[in-house]
Amino acid sequence: MAVMRGKKICRFCENKITMINYKDERILKRFTNERGKIIPRRVTGNCAMHQRKLTTAIKRGRVLAIVAFAAESYR
Amino acid sequence: MRVYETTFIINPQSDDATIEKHVSDVKEMILKTDGKIISENHMGTRRLAYEIDKLTQGYYATFLYEAPTDILPLLDHHFKVNEAFIRDLTVRIECDPQEYLKQQDPFGKHGSDRPDDSRRGHRGDRGDRPAPGKPAEKSGEKPEVKEETAAVKTEEKTETAAVKTEAKAETSESDNASKEDKPQDDKE
Ligand SMILES: [Zn+2]
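Residues numbered from 1 in each chain as written. Chains lettered and ligands numbered in written order. Predicted model: local features only at pLDDT ≥ 70, side-chain atom pairs only at ≥ 80, totals over all residues. Heavy atoms only, no water.

## Some remarks on the overall build of chain A
Per the secondary structure count, chain A includes 4 helices and 0 strands. Walking chain A from its N terminus toward its C terminus, one meets helices and strands in the order α-α-α-α. The buried share among the 75 residues of chain A stands at 47%. In chain A, of all internal contacts separated by at least 6 residues, the share reaching a separation of at least 24 is 60%. Carbon and sulfur atoms make up 55% of the accessible area of chain A, which amounts to about 4,000 Å² in all. (Helix = DSSP H or I, 4+ residues; strand = E, 2+ residues; numbered from the N terminus. Buried < 20%, exposed > 50% of the residue type's maximum accessible area, 1.4 Å probe, protein only. Contact = heavy atoms within 4.5 Å. Areas by Shrake-Rupley, 256 points an atom, 1.4 Å probe, with all protein chains shown as cover.)

What follows is the structure in structure tokens.
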């Protein structure tokens, strides 16, 4: 847990983003790990509101095959 | 009347004219129910993140429109009956559609702020992962920890892209440190 110290800032708040585009592969990929899992906000520093919006966006992106549900090469 | 956004994927193996026909069919359906198209975007053929019906690519198109709720079952049925549509998603837009459009940035118009993106794609196998055959039950927590370090690594990569943010974070950290000292002084 001592890996990352220092105050984390929510990227979305910083850039004044109020809606997260579920068709934007780059944003969705940035906040998922290589297995396709959503990275917890304790790691990314997102605020609760934006993490909630991001989660919705990622899940919509999964339906539209913009991001994967799970990595193909698992095990 | 409500504002919806419908995005669908069409099988790209048919010819362009057929694909266009499918897209305009959807548009017509919306117009027929007294809907108003606010914006349409043909994103074109794109790689799918996972195979759907053995397809690896799909033709994406999206409509932002205002229509009565009756449109939903009609569209639903249309997508279900027509095999050319391999995926569809309709979401309700609860805010001002123009504001919504402003914040859209479909498929990387904001392209090359990270030139190292292509290198990032596949990092292959990491040697420090537990071997596939090994039982995970013995160390129930171990895979979770690995997961986290992997996540942190991804985060670090993003961090380097925004060195500015990091610098900011550091200064605010030192701010915090000095703040932490103060309350103790106050108590005494
Ligand atoms: Zn935020």
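Picking up after the structure, the text goes on.
## Some details on the coordination of the zinc ion
Residues and elements named next belong to chain A. Bound to the zinc ion are the protein donor atoms Cys10 (SG), Cys13 (SG), Cys47 (SG) and His50 (ND1), situated 2.0 to 2.3 Å from the metal. Taken together, the 4 donor atoms coordinating the zinc ion span angles of 100 to 116° at the metal, a pattern that classifies the geometry as tetrahedral. Donor residues binding the zinc ion come from one chain and are separated in sequence as C-x2-C-x33-C-x2-H. Separated by 37 residues along the polypeptide, cysteine 13 in helix α1 (residues 11–14) and histidine 50 in helix α4 (residues 48–63) bring together distant segments of the chain. Judged by relative accessible area, cysteine 13 falls into the partly exposed class, the value being 41%. (Donors = N, O, S within 2.8 Å, 3.2 Å for Na, K, Ca; no water. Tetrahedral: all angles 85-135°; square planar, octahedral: opposite > 155°, others 65-115°.)

## Structural notes on the confidence of the model for chain B
Looking at chain B as a whole, its pLDDT mean stands at 70, while 55% of the residues score no less than 70. Here the prediction assigns the complex a pTM of 0.64, and the interface score ipTM is 0.82. (pLDDT = per-residue confidence, 0-100.)

## Considerations on the pairing of strand β1 (residues 2–10) of chain B
Residues and elements named next belong to chain B. Of all 9 residues making up β1, 8 are buried, and the element is well covered by its neighbours. As defined by bridge partners, β1 adjoins strand β3 (residues 55–67) across 9 bridges and the pair is classed as antiparallel. Bridge pairing links arginine 2 to alanine 67 in β3. (Pairing = 2+ DSSP bridges.)

## Concerning the confidence of the model for chain A
For chain A, per-residue confidence averages 87 on the pLDDT scale, and residues scoring 70 or more make up 85% of the total. Taken element by element, the predicted model of chain A shows its lowest mean pLDDT in α1(A) (90) and its highest in α4(A) (95).

## With respect to the pattern of salt bridges
Oppositely charged side chains are able to pair whenever their charged atoms sit close together. All chains considered together, the criterion is met by 7 salt bridges over all chains. Residue B:Lys27 is joined to B:Glu40 by a salt bridge in which the shortest nitrogen-to-oxygen separation is 2.6 Å. With B:Lys27 in helix α1 (residues 16–32) and B:Glu40 in strand β2 (residues 36–52), this pair connects stretches of sequence that are 13 residues apart. Overall, B:Glu40 belongs to the partly exposed group, its relative accessible area being 34%. Note that B:Lys102 and B:Glu99 form a salt bridge whose closest N and O atoms lie 3.7 Å from each other. Remark: B:Glu99 and B:Lys102 occur in helix α3 (residues 97–102); sequence separation between them is 3 residues, near one turn of the helix. Sharing partners across several salt bridges, the network here consists of A:Glu25, A:Lys29 and B:Arg46. (Salt bridge = Lys/Arg side-chain N within 4 Å of Asp/Glu carboxyl O.)

## Let's talk about the sheet that holds β2(B)
Ordered by their spatial adjacency, 4 strands build an open sheet running β2-β3-β1-β4 (chain B), and the pairing between neighbours is antiparallel. Of all strands in the sheet, those bounded by a partner on one side alone are β2 and β4 (85–92) of chain B. Going across the sheet, the axis of each strand differs from the next one's by a mean of 20°, ignoring polarity. On the sheet, α4(A) packs against β2 and β4 of chain B and is oriented at approximately 155° with respect to β4(B). (Axes fitted to C-alpha atoms, helices over the stretch in contact; angles between N-to-C directions.)

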